[in-house]
Amino acid sequence: MMKAIIFLGPPGAGKGTHAKEVSQILNIPHISTGDIFREHVKNQTDLGIKVKSYLDAGKLVPDEVVWEVVKDRIDKEDCKNGFILDGFPRTILQAEMLEKYLKEKNADIKVIYLDAPDELVIRRLSARRVCKNCGAIYNLISMPPKKDGICDICGGELYQRSDDKPEVIKQRLETYYKETQPLIDYYKNKDIMYTINAEKERGEVLKEILKVINE
Ligand code: AP5
């Protein structure tokens, strides 16, 4: 059966960090809409040009643009046994489009909600660094690289995401509360959501996520 795992939560809660780990453990693709858009922006594709201003402003890319990207990706052969969605859905309309698709595939759906307070996510995002080459995620406080500015895994250069500036972080949080938080009740009512306290250290959070997934 197709297993669809959805990571939901505020910016900086740890969706990308844990989705990458779970993807390796379960051997299913990790699909981050944010990563896909950043790659297009970097390569200056038509899609990249279209979405850049939304990312820079901390606003959501329009639903129909996002759904086209997601549908195209989850239709691929490597997703037939399952996949992890990180950063999608982010609006009720996105959730409805996904649900219709997954119903047709008879998929098993679990939503992992990583819950963390604003002060914590602001601190985490301000100290986040990402590898330009392989996308590995670091944190200058909780997970620093062994060598300053260099990725432990591939030796690539680390950079700070342009939307991790204080004013954009603030806007991303506002967008989250307005557009994405309603999904918490939406999934709670469907009884497929599991809330994880994302304030704990990474190993603990991962352990709890795996427990829920293996239930
Ligand atoms: P996206 O890339 O999805 O950004 P986001 O949702 O704001 O999430 P982040 O990637 O910032 O945080 P995260 O939860 O993955 O945290 P991480 O694991 O890195 O989206 C970017 C933009 O794309 C959006 O603003 C929008 O414009 C557009 N977009 C994307 N999807 C869209 C959609 N569906 N619809 C419309 N627009 C869309 O962790 C953060 C830091 O904390 C790291 O440094 C990490 O090392 C550290 N950390 C993590 N866990 C722990 C822990 N337990 N203890 C200590 N440190 C930790």
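In this report, we go over the structure that sits alongside the text. If you're wondering where the values come from, they're calculated on a predicted model, not measured in any experiment.

This part covers the overall build of the chain. Along the chain, the regular secondary structure elements total nine helices and eight strands. What you see for the chain is a C-alpha radius of gyration of 16 Å, in line with the 17 Å of a compact globule of 215 residues. Expressed along its principal axes, the backbone C-alpha trace of the chain runs to roughly 45 × 40 × 35 Å. Each of the 215 residues in the chain was classed as buried or not, and the buried ones make up 46%. Of the contacts formed within the chain by residues at least 6 apart in sequence, a portion of 71% connects residues at least 24 apart. When the accessible surface of the chain is totalled, it reaches about 11,500 Å², and 50% of it is carbon and sulfur. A distance of 2 Å separates the average location of the 35 positive side-chain charges in the chain from that of its 35 negative side-chain charges.

Turning next to the packing of helix 6 (residues 118–126) against helix 7 (residues 166–180). Contact geometry of helix 6 with helix 7 gives a least axis separation of 11 Å together with a crossing angle of 135°. Taken together, the axes of helix 6 and helix 7 are oblique relative to one another. Handedness of the crossing formed by helix 6 with helix 7: right-handed. The segment helix 6 lies against helix 7, with Asp118, Val121, Ile122, Leu125 and Ser126 engaging Ile169, Arg172, Leu173 and Tyr177. Looking at the contact of helix 6 with helix 7, its residues break down into six nonpolar, one polar and two charged.

Time to look at helix 5 (residues 92–104). An ideal rise of 1.5 Å per residue puts 18 Å on 13 residues; helix 5 measures up with 19 Å between its terminal C-alpha atoms. All buried positions along helix 5 are accounted for by Gln94, Ala95, Leu98, Tyr101 and Leu102. Seen end-on, helix 5 carries its buried residues on one side only, within an arc spanning 130°. Across from the buried face of helix 5, at angles greater than 90 degrees, the exposed residues are Lys100, Lys103 and Glu104. Downstream of helix 5 by a residue or two, Asn106 has a phi angle that is positive, lying close to 60°.

Turning next to the sheet that holds strand 4 (residues 108–115). One open sheet holds the five strands; their spatial order is 2-3-1-4-8, and the pairing between them is parallel. Bordering the open sheet on either side are strand 2 (30–32) and strand 8 (193–197), each of which pairs with just one other strand. When the angles between neighbouring strand axes are averaged without regard to direction, this sheet yields 20°. Two elements, strand 4 and strand 8, share five bridges in a ladder whose sense is parallel. Residue pairing in the sheet places Leu114 in a bridge with Ile196 of strand 8.

In this section: the sheet that holds strand 6 (residues 137–139). Pairing between the strands of a sheet comes from backbone hydrogen bonds, and it takes one of two forms, parallel or antiparallel. The three strands lie next to each other as 6-5-7, forming an open sheet whose pairing is antiparallel. Pairing within the sheet leaves two strands with one partner each, and these edge strands are strand 6 and strand 7 (158–159). By the bridge criterion, three bridges tie strand 5 (residues 128–131) to strand 6 in an arrangement that is antiparallel. Of the residues in strand 6, the one forming a bridge with Arg129 is Tyr138.

Reading the values: rules and limits
Residues numbered from 1 in each chain as written. Predicted model: local features only at pLDDT ≥ 70, side-chain atom pairs only at ≥ 80, totals over all residues. Heavy atoms only, no water. Helix = DSSP H or I, 4+ residues; strand = E, 2+ residues; numbered from the N terminus. Rg over C-alpha atoms; globule rule 2.2 N^0.38 Å. Buried < 20%, exposed > 50% of the residue type's maximum accessible area, 1.4 Å probe, protein only. Contact = heavy atoms within 4.5 Å. Areas by Shrake-Rupley, 256 points an atom, 1.4 Å probe, with all protein chains shown as cover. Lys, Arg positive; Asp, Glu negative; His and termini not counted. Charge placed at Lys NZ, Arg CZ, Asp CG, Glu CD. Axes fitted to C-alpha atoms, helices over the stretch in contact; angles between N-to-C directions. Parallel < 35°, antiparallel > 145°, perpendicular 65-115°, else oblique. Left-handed = near helix turned anticlockwise from the far one by under 90°. Nonpolar A, V, L, I, M, F, W, Y, C, P; charged D, E, K, R; others polar. Expected span 1.5 Å × (residues − 1). Arc of directions from axis to C-beta. Pairing = 2+ DSSP bridges.

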